[in-house]
Amino acid sequence: MTDSTSPPVQPLLSDAVIALRAPTQVWSGRSGDLGASAIDGVYHGDVRHVRAVALTVDAARPEWISVAPRGASAVVFGGLLRALDDPTPDPKVRLRRERVVGDGVVEETLTVISHLDEQVEVGLRVRIEPDFAPLQQIKAGIAGPEVWTAVTEAPGSVTVRAAERSFVIDAPDAGVEVDADGITLRWRVTALPRAAVAASWTLRLDDPGLVVRGTTRPVSWTVPHVGGDPRVQRWMDAALGDLDALRLTLPDLPGEEFYAAGAPWFLTLFGRDSLWAARLALPVDHRMAASTLRVLARFQGTRTDVGTAEQPGKILHELRGEPLVIPGEDVILPPVYYGTVDATALWVCLLADAWRAGMPEGEVRALLPALRGALDWLLHHGDSDGDGFIDYIDETGHGLANQGWKDSGDSIQWRSGELAEGPIALCEVQGYAYEAARAGADLLDHLGEPGSAELRSWATTLKARFAEAYWVTTEEGRYPAIALDRHKQPVDTLTSNIGHLLGTGILEPDEEAEVAALLTGPSMLSGYGVRTMSTGARGYWPLSYHGGSVWTHDSAIIARGMALAGLHDAAATVVDGLLAAAEGFGFRMPELHSGDSAAETSVPTPYPAACRPQAWSAAAAITAAQIAGAQSTLTT
């Protein structure tokens with residue numbers, strides 16, 4: 001038990017059950033009840049509308065025996081009502097609780113199933129407690145219920161409101177009671193001999209301030225049949241279901257979809273996350289890549305604004321409905337925030353990949369102004385201190401201290417464990433920039449546009465500078481540093497970042513082989529993927545967010561780069577570890593997991609606060625299928 005004086009902590013997620021259809025999600029325990037764990041609740045956008053839901057049966061306490069997800073958006077909980085049974089050993093009365101989540105809708109059906117020879121009278125009771133707590137307060141462990149009011153609109157219908165947000169409970173066959181703490185629904189049902197009887201209720205949620213919306217359009221892909229290792233198919237099935245449920249649109253652009261980054265904290269547009277998810281998913285759907293590019297182009301920077309980190313041509317980091325305040329960390333991000341160093345280059349890379357994958361030329365040409373803006377940012381705005389490398393530094397004091405994909409405050413550190421000082425020029429960002437400049441030049445040439453020569457010259461210079469500045473030699477070998485610090489010194493920790501250089505062209509083939517060998521060596525390869533940091537670094541810890549854990553998308557990007565570099569055996573080794581992890585997590589891969597070695601644990605150890613599902617973790621399944629030799633079976 002936690003002492004009441006203990007400091008607030010972030011909720012753990014690893015044992016919770018989730019069903020979602022972005023931007024709506026429901027987190028519960030294995031009984032289906034909500035309220036026992038800090039994460040539990042019904043969320044819509046960035047607000048938890050309902051904190052607790054409890055189901056009780058007046059004549060029998062349910063004994064829950066099963067949880068069966070049905071895709072990403074539905075789950076069935078199975079229980080027994082043994083107090084209603086006859087004296088024979090086999091249980092004869094079952095309770096089925098089915099939950100289906102849609103955009104702004106949660107439906108629950110309670111079914112009593114009897115195998116008895118006489119009828120059974122059952123009283124069902126559902127207790128619902130409103131909340132309306134902001135998501136970031138929940139994440140910080142300090143959430144308390146907001147003030148709300150409830151009005152009975154009609155028999156079996158209650159509207160609950162807090163300011164402009166609201167939800168409606170519809171239970172037409174139930175008795176409804178409203179008190180100061182919540183709403184109670186009651187049914188009296190009769191299960192006839194060897195028959196079933198059901199009761200249901202629906203929650204409809206509304207938040208007019210949402211800056212993203214769900215979509216009801218069917219997906220534009222078909223789930224491919226994948227031969228070979230059966231784990232690949234199971235991961236693919238689960239992953240594409242999650243990607244379906246993570247699709248979002250903008251309120252005024254309902255036809256342009258993108259992937260939300262992940263649940264529970266990031267059900268919105270993220271530049272880097274949405275781009276990488278679309279890029280990894282290209283083999284099954286280039287249309288999502290095209291719409292993601294258009295949505296991000298709409299928010300492309302047009303001016304210099306220190307407060308939002310906006311610069312001309314820059315691609316945003318994240319979109320929220322209101323400022324994002326992270327309690328206890330002195331972080332306050334504006335609703336439209338550009339504090340990302342890599343999304344702009346990744347936007348160009350995705351455009352080039354989507355063009356090669358079949359994006360219609362007219363759609364590509366329509367994005368030419370955004371392409372020119374992004375390329376101009378690389379050449380003229382991305383280097384804050386004039387040393388020839390793309391870098392970042394938070395100039396506000398309350399933005400993100402680190403602005404690559406490893407964006408935690410302690411992610412960029414020396415082998416000694418000391419933190420690097422900014423401006424920081426990450427190694428992988430130089431690889432993205434090199435690839436983007438060359439790919440952008442190819443696109444300009446194809447479209448008959450000028451400017452390709454300058455881009456290729458800039459890329460050539462960047463590659464030469466990188467070779468001179470980034471390579472270090474330590475006890476672990478020779479490899480590129482994770483970054484250059486403010487003193488232009490190479491930060492010498494061996495990390496997974498160097499794997500993102502593979503396939504970009506910034507390394508020579510022999511250098512790619514050196515990098516791949518280190519990443520598949522014992523200090524980096526856990527057996528469940530590639531660790532974010534080497535076990536040889538002082539800062540290594542298997543449960544560190546970015547300093548020793550394994551991120552699914554990170555390992556997939558590394559495997560993809562290995563394959564592009566022709567290092568197929570190394571790529572297959574990384575993918576085999578990901579498949580082992582996928583099996584251990586029931587084929588719904590979390591955001592990240594522990595860096596513990598597979599030699600020490602027969603199943604991957606969760607990082608207990610990891611999000612799931614996560615778009616780029618799900619899209620990693622498609623990369624795994626490709627590398628496992630199933631390219632010919634992946635069809636759009």
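Residues numbered from 1 in each chain as written. Predicted model: local features only at pLDDT ≥ 70, side-chain atom pairs only at ≥ 80, totals over all residues. Heavy atoms only, no water.

Undergrad: Quick question: what am I supposed to make of the overall build of the chain here?
TA: Scanning the chain for helices and strands turns up 13 helices and 28 strands. Radius of gyration (C-alpha) of the chain: 26 Å, near the 26 Å computed for a compact globule of 636 residues. Considered along the principal axes of its C-alpha atoms, the chain spans approximately 85 × 55 × 50 Å. Burial analysis of the chain (636 residues in total) assigns 58% to the buried set. A separation threshold of at least 6 residues defines the contact pool for the chain, and within that pool the share at least 24 residues apart is 65%. Averaged over its 51 positive side-chain charges, the chain has a centre that lies 4 Å from the centre of its 82 negative ones. (Helix = DSSP H or I, 4+ residues; strand = E, 2+ residues; numbered from the N terminus. Rg over C-alpha atoms; globule rule 2.2 N^0.38 Å. Buried < 20%, exposed > 50% of the residue type's maximum accessible area, 1.4 Å probe, protein only. Contact = heavy atoms within 4.5 Å. Lys, Arg positive; Asp, Glu negative; His and termini not counted. Charge placed at Lys NZ, Arg CZ, Asp CG, Glu CD.)

Undergrad: Would you explain the pairing of strand β11 (residues 157-162) in this entry?
TA: Regular strands show a simple pattern: their side chains alternate between the two faces of the sheet. The buried fraction of β11 is high, at five of six residues. The pairing of strand β10 (residues 149-154) with β11 spans five bridges and is classified as antiparallel. Residue A150 lies in a different strand from β11, and its bridge partner there is V160. Between β10 and β11, which pair antiparallel one after the other, the connecting turn spans two residues, and G156 there sits at a positive phi close to 80 degrees. Alignment of β11 against strand β12 (residues 165-170), held across six bridges, turns out to be antiparallel. Its bridge partner being in β12, T159 is matched across the sheet by V168. (Pairing = 2+ DSSP bridges.)

Undergrad: Honestly, helix α5 (residues 343-357) in this entry has me stumped. Any pointers?
TA: Since one α-helical turn is 3.6 residues long, residues separated by three or four positions face the same way. Between its first and last C-alpha, α5 extends 20 Å over 15 residues, near the 21 Å set by a 1.5 Å rise per residue. Across the 15 residues that make up α5, a large majority, twelve, are buried. The set of residues buried in α5 consists of A343, T344, A345, L346, W347, V348, C349, L350, L351, A352, D353 and A354. Buried residues along α5 sit in contact with α3 (271-280), α4 (286-298), α6 (361-366), α7 (368-380), α8 (427-446) and α11 (552-564). Directly after α5, the chain includes G358, whose backbone phi takes a positive value near 120 degrees. (Expected span 1.5 Å × (residues − 1).)

By themselves, these observations are geometric and do not establish any function.
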